[in-house]
Amino acid sequence: MGQFILVPIIFFGLLILISSFFIVKQQTAAIVERFGRFQYIAQSGLRIKIPLIDRVAGRLSLKIQQLDVIIETKTLDDVFVRLKVSVQYKVIKDKVYDAFYKLDYPHDQITSYVFDVVRAEVPKMKLDDVFVKKDDIALAVKAELNDAMSDYGFDIIKTLVTDIDPDAQVKQAMNRINASEREKIAAQFEGDAARILIVEKAKAEAESKRLQGQGIADQRREIARGLEESVEVLNRVGINSQEASALIVVTQHYDTLQSLGEETNSNLILLPNAPQAGSNMLNDMVASFAASNQIGEAMKNAKKKNEDE
């Protein structure tokens, strides 16, 4: 009978002995209470407590944690916008007691301060400034939270404004404005390109005309030099300058007729083109040269006579 009683006692003793040990994980703090009163803070490792008297009231993580808060507020230009603020915080190792006993719901407390700061700062800014000065908003939230939460044992590591989401109609309007600006810039570039193309084309045409004129001038110069040499050759055989000029014109006339005859698709008609046209042309040119010489001599004589008087 005594053996049957001894076994439960031993088993109960083992349970009590085992319950006196507990393990605290790394980067964690355990709060031990004795009869409901705070006793001590147990750090990571294997720990001992008095069974049936001490108990682990709770555990706090010492790791950096993140809380995402979404706030909807209005800007200075009456645009409703949703902001996502990410708060990174941790429990201060030396203030685990304050963090455990002073606040029941630290997330709610942090959220309230974030709402208060954001709804005080954003209504002072226009929508464009909210995007530009989001770091200023984050710094204001961090400063306010540090002042408020340090007394409760929490350290605010960093605050970030991770998302700014205006109303859908406002985003569509902003996209249209952006698209219009880009189309305007594109049109300006296209206009500049077209203007440059026109200018370069005009320069090319001007250069082409200049070169063409230079070519014509060179051609006429060579023609004149050739005519001069032809007249000198004819003068050597007893033909005067007037007759030589007429003969050269008649020769060019027949050369032109020959060139036209070689072209099968030519629509050009050279007048006069009768067989006697060359002879008539030669006689007319000689007569006109002779008449022009007589008139020139008469004018010289008249001028000389007037000078003598």
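Report follows, based on the coordinates. Predicted model only: the values in this text are computed from it and were never measured. (Residues numbered from 1 in each chain as written. Predicted model: local features only at pLDDT ≥ 70, side-chain atom pairs only at ≥ 80, totals over all residues. Heavy atoms only, no water.)

Looking only at helices and strands, one finds eight helices and eight strands in the protein. Burial status across the protein gives 21% buried among its 309 residues. Intrachain contacts of the protein at a sequence separation of at least 6 include 63% that bridge at least 24 residues. Summing over all exposed atoms, the protein offers an accessible surface of approximately 21,800 Å²; the carbon and sulfur share of this is 56%. (Helix = DSSP H or I, 4+ residues; strand = E, 2+ residues; numbered from the N terminus. Buried < 20%, exposed > 50% of the residue type's maximum accessible area, 1.4 Å probe, protein only. Contact = heavy atoms within 4.5 Å. Areas by Shrake-Rupley, 256 points an atom, 1.4 Å probe, with all protein chains shown as cover.)

With that out of the way, let us pick up the side chain of Lys-49. For Lys-49, the position within the fold is in the loop between β4 (45-48) and β5 (54-61). Among buried Asp, Glu, Lys and Arg side chains, Lys-49 stands out as unpaired, with Asp-54 the closest opposite charge at 7.3 Å. (Lys, Arg positive; Asp, Glu negative; His and termini not counted. Salt bridge = Lys/Arg side-chain N within 4 Å of Asp/Glu carboxyl O.)

To continue, consider the pattern of salt bridges. Applying the stated criterion to the full structure yields seven salt bridges. Close ionic contact of Lys-134 with Asp-135 constitutes a salt bridge, the shortest N to O distance being 3.7 Å. By relative accessible area, Lys-134 is classed as partly exposed at 30%. A salt bridge links Glu-200 to Lys-203; the nearest nitrogen and oxygen atoms lie 4.0 Å apart. Of this pair, Glu-200 and Lys-203 are both found in helix α6 (residues 168-236), three residues apart, which corresponds to roughly one turn of the helix. Judged by its relative accessible area of 44%, Glu-200 is partly exposed. On the basis of relative accessible area, Lys-203 is assigned to the exposed category, the value being 51%.

Looking now at the packing of helix α3 (residues 106-121) against helix α5 (residues 134-149). At their nearest, the axes of α3 and α5 sit 9 Å apart, and the two run at 140 degrees to each other. By the angle between their axes, α3 is oblique relative to α5. The handedness of the crossing between α3 and α5 comes out as right-handed. Within the contact between the two elements, α3 uses Gln-109, Ile-110, Tyr-113, Val-114, Val-117, Val-118 and Glu-121 and α5 uses Ile-137, Ala-140, Val-141, Glu-144, Leu-145, Ala-148 and Met-149. (Axes fitted to C-alpha atoms, helices over the stretch in contact; angles between N-to-C directions. Parallel < 35°, antiparallel > 145°, perpendicular 65-115°, else oblique. Left-handed = near helix turned anticlockwise from the far one by under 90°.)

Along the polypeptide, Phe-38 turns up in strand β3 (residues 37-42). Placed 59 residues apart in sequence, Phe-38 and Tyr-97 show a C-alpha to C-alpha distance of 8.8 Å.

Our next topic: the nonpolar core. In terms of nonpolar packing, the biggest core is built from 32 residues, with Leu-83, Ile-110, Val-114, Val-118, Ile-137 and Leu-145 touching the most fellow members. Looking at this core, the elements with two or more residues in it are β2 (28-34), β6 (65-74), β7 (80-91), α2 (96-101), α3, α5 and β8 (154-166). Ranked by the residues each element gives to this core, the list is headed by β7, at six residues. What Val-114 contacts, discounting residues up to four positions off in sequence, is Val-69, Ile-71, Val-85, Val-87, Val-141 and Leu-145. Residues Phe-22, Ala-30, Val-32 and Ala-42 belong to the second largest nonpolar core, which totals five residues. (Core = buried A, V, L, I, M, F, W, Y, C linked by side-chain atoms within 4.5 Å.)

Further remarks concern the packing of aromatic side chains. How two aromatic rings sit relative to each other is given by the distance of their centres and the angle of their planes. Throughout the structure, instances matching the rule amount to five aromatic pairs. Centroid distance Phe-100 to Tyr-101: 4.9 Å. Interplanar angle 85 degrees. Geometry classified as edge-to-face. What makes Tyr-101 partly exposed here is its relative accessible area of 30%. Grouping aromatic residues by their ring pairs yields a cluster made of Phe-38, Tyr-97, Phe-100 and Tyr-101. (Phe/Tyr/Trp six-rings, centres within 6.5 Å; stacked < 30°, edge-to-face > 60°.)

Now for the sheet that holds β5. Strand order in the open sheet formed by three strands is β3-β2-β5, with antiparallel pairing between adjacent strands. The open sheet has two edge strands, β3 and β5, and neither has a second partner. Put simply, the sheet's adjacent strands are angled 25 degrees from each other on average, direction ignored. Pairing between β2 and β5: seven bridges, direction antiparallel. Bridging across to β5, Thr-28 finds its partner in Ser-61. (Pairing = 2+ DSSP bridges.)

The next point concerns the sheet that holds β6. Taken in spatial order, the three strands line up as β6-β7-β8 in an open sheet, and their pairing is antiparallel. A strand with exactly one partner marks an edge of an open sheet, and here the two such strands are β6 and β8. Across this sheet, the average inter-strand angle for adjacent strands is 20 degrees, counted without regard to direction. As judged from the 11 bridges shared by β7 and β8, these two strands associate in the antiparallel manner. Within β8, the position partnered with Tyr-89 by the bridge is Ile-156. Packed onto the sheet, α3 meets β6, β7 and β8 and runs at close to 35 degrees relative to β6. Most of the contacts of α5 go to β8, to which it runs at about 145 degrees, and overall it touches β7 and β8.

This part is about α3. Given 3.6 residues per helical turn, the α-helix brings residues three or four places apart onto the same face. An ideal rise of 1.5 Å per residue puts 22 Å on 16 residues; α3 measures up with 23 Å between its terminal C-alpha atoms. Along α3, the residues that are buried comprise Pro-106, Ile-110, Val-114, Val-117 and Val-118. The arc that holds every buried residue of α3, seen down its axis, measures 95 degrees, which confines them to one face. The elements touched by buried residues of α3 are β6, β7, α5 and β8. (Expected span 1.5 Å × (residues − 1). Arc of directions from axis to C-beta.)

Honestly, it's all geometry; don't read function into it.
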